[in-house]
Amino acid sequence: MKRILSGLRPTGRVHIGNYFGALSNWVKLQKEYECFYEIADWHVLTTDYKNTQDLREYIIEAVCDWISAGIDPEKSCIFVQSQVKEHAELALLFGMIVSVARLERNPTLKEQIKELELEENISYGHLGYPVLQASDILVYKADLVPVGEDQLPHIEITREIARRFNYLYGETFPIPEPVLTPTPKVPGIDGKAKMSKSLNNAIFVDDEPEKIKEKIMSAYTDPLKIKLGDLGHPDGCVVFAYHNLVNKKEVPDIREGCESGKLGCVECKKNCINKMVDFLAPFREKKIELKEDIDGIINIIKNGNKRAGEVARNTLEDVREKMKLWKG
Ligand code: TRP
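Keep in mind that this is a model prediction, so the values were computed, not measured. (Residues numbered from 1 in each chain as written. Predicted model: local features only at pLDDT ≥ 70, side-chain atom pairs only at ≥ 80, totals over all residues. Heavy atoms only, no water.)

### Looking at a negative patch on the surface
- A cluster of like negative charges, contributed by Glu 289, Glu 292, Asp 293 and Asp 295, occupies part of the molecular surface.
- With respect to the secondary-structure elements, Asp 293 resides in the loop between α13 (265-291) and α14 (294-322). (Patch = residues over 30% accessible without salt bridge, like charges linked within 9 Å, V, L, I, M, F, W, Y side chains within 5 Å. Areas by Shrake-Rupley, 256 points an atom, 1.4 Å probe, with all protein chains shown as cover. Salt bridge = Lys/Arg side-chain N within 4 Å of Asp/Glu carboxyl O. Lys, Arg positive; Asp, Glu negative; His and termini not counted. Charge placed at Lys NZ, Arg CZ, Asp CG, Glu CD. Helix = DSSP H or I, 4+ residues; strand = E, 2+ residues; numbered from the N terminus.)

What follows is the structure in structure tokens.
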């Protein structure tokens, strides 16, 4: 059976962008593959090293969200990166065979430097983000990595590191392939191309129906469609994008109604709210149930760490041997 590894940084509650962009795919893949799903807590520290007091809560929150979204801990291994120390050892070794220039060329890093105005203040750990990610993937000798498009540069660096290691020390790692999520990016309620917690434009999978209503009612729609009868342009409209996620069946009718002016925005939003509330109801219910038994969640994490640790230890033994490192 082919093996899968993917991860998300625990930065708070999961929103529908995370769900459609990653989790929904993870859920499907569990049926066909041996899956390892990682809470990438060390990766959070590359940017948020100052405020670490909420990390524990965020990790528990993430695991609850993942399970309520359909990740089955009996089938898939859910684990916490920082609890499998082999990731750090492998990242250190990979650090020797990748150049600084290669890491500086990483477009994700360039974007973050601009966004967070880091310039000269970029840390050693942050520069090494993709090296740590490569170790996440390769420590499990994963064949496939389901990710969103934004992660492709990191997977490319992972593949380069794997090839270079194999060339230098002998065949050790499979060259992992990315598996792109079929869903395009989910826009935020404000019309920004990407839904994100930090942009404050997210619908969370466990939002109360009232919250969902409030958010969708305020969502950005076609600015040229002001009153009923105006001809609409569904392709730039956030609400139309959400219909596409949770109300696929009616999408052709909604497009027709919007473009011809017969369907007004308020009616369209109300319909979208109902569908979104119905779609998300089971998540919220399941999450409430899970949160009543935090010890159960902690146990799931412990078991996952143990299983992941066994695989990771085997890989590191192999790696040390291939590199002729000290033994004894
Ligand atoms: N960098 C990924 C993100 O921000 C999270 C991540 C960490 C990851 N390790 C990984 C994704 C390994 C895939 C494989 O979304």
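### Comments concerning the side chain of Glu 61
- Looking at the secondary structure, you find Glu 61 in helix α3 (residues 55-68).
- Setting aside residues no more than four positions away along its own chain, Glu 61 makes contact with Gly 12, Arg 13, Asp 206, Lys 287 and Lys 291. (Contact = heavy atoms within 4.5 Å.)

### Notes on the environment of Ile 297
- Checked against the element boundaries, Ile 297 lands in helix α14.
- Ile 297 sits 116 residues away from Thr 181 along the chain, and the two C-alpha atoms are 27 Å apart.
- Excluding its chain neighbours within four sequence positions, the residues that come into contact with Ile 297 are Ile 60, Val 63, Cys 64, Ile 67 and Leu 290.

### Focus: the layout of surface pockets
- Of the voids in this model, the second largest pocket is the one considered here, and its volume is about 530 Å³.
- Taken together, 18 residues form the lining of the second largest pocket, with Ala 91, Tyr 124, Gly 125, Gly 128 and Val 131 sitting closest to its centre.
- Going through the elements one at a time, α2 (41-45), α4 (86-95), α5 (100-104), α7 (124-127) and α8 (129-138) are the ones with two or more residues in the lining of the second largest pocket.
- Counting residues per element, the lining of the second largest pocket draws most heavily on α4, which supplies four residues.
- Residue classes in the lining of the second largest pocket are distributed as 13 nonpolar, five polar and no charged. (1 Å grid on protein atoms, 1.4 Å probe; cavity = no way out; pocket = protein on both sides within 12 Å on 5 of 7 lines; lining within 4 Å. Points joined across faces, edges and corners; volume = space filled by probe spheres on them. Nonpolar A, V, L, I, M, F, W, Y, C, P; charged D, E, K, R; others polar.)

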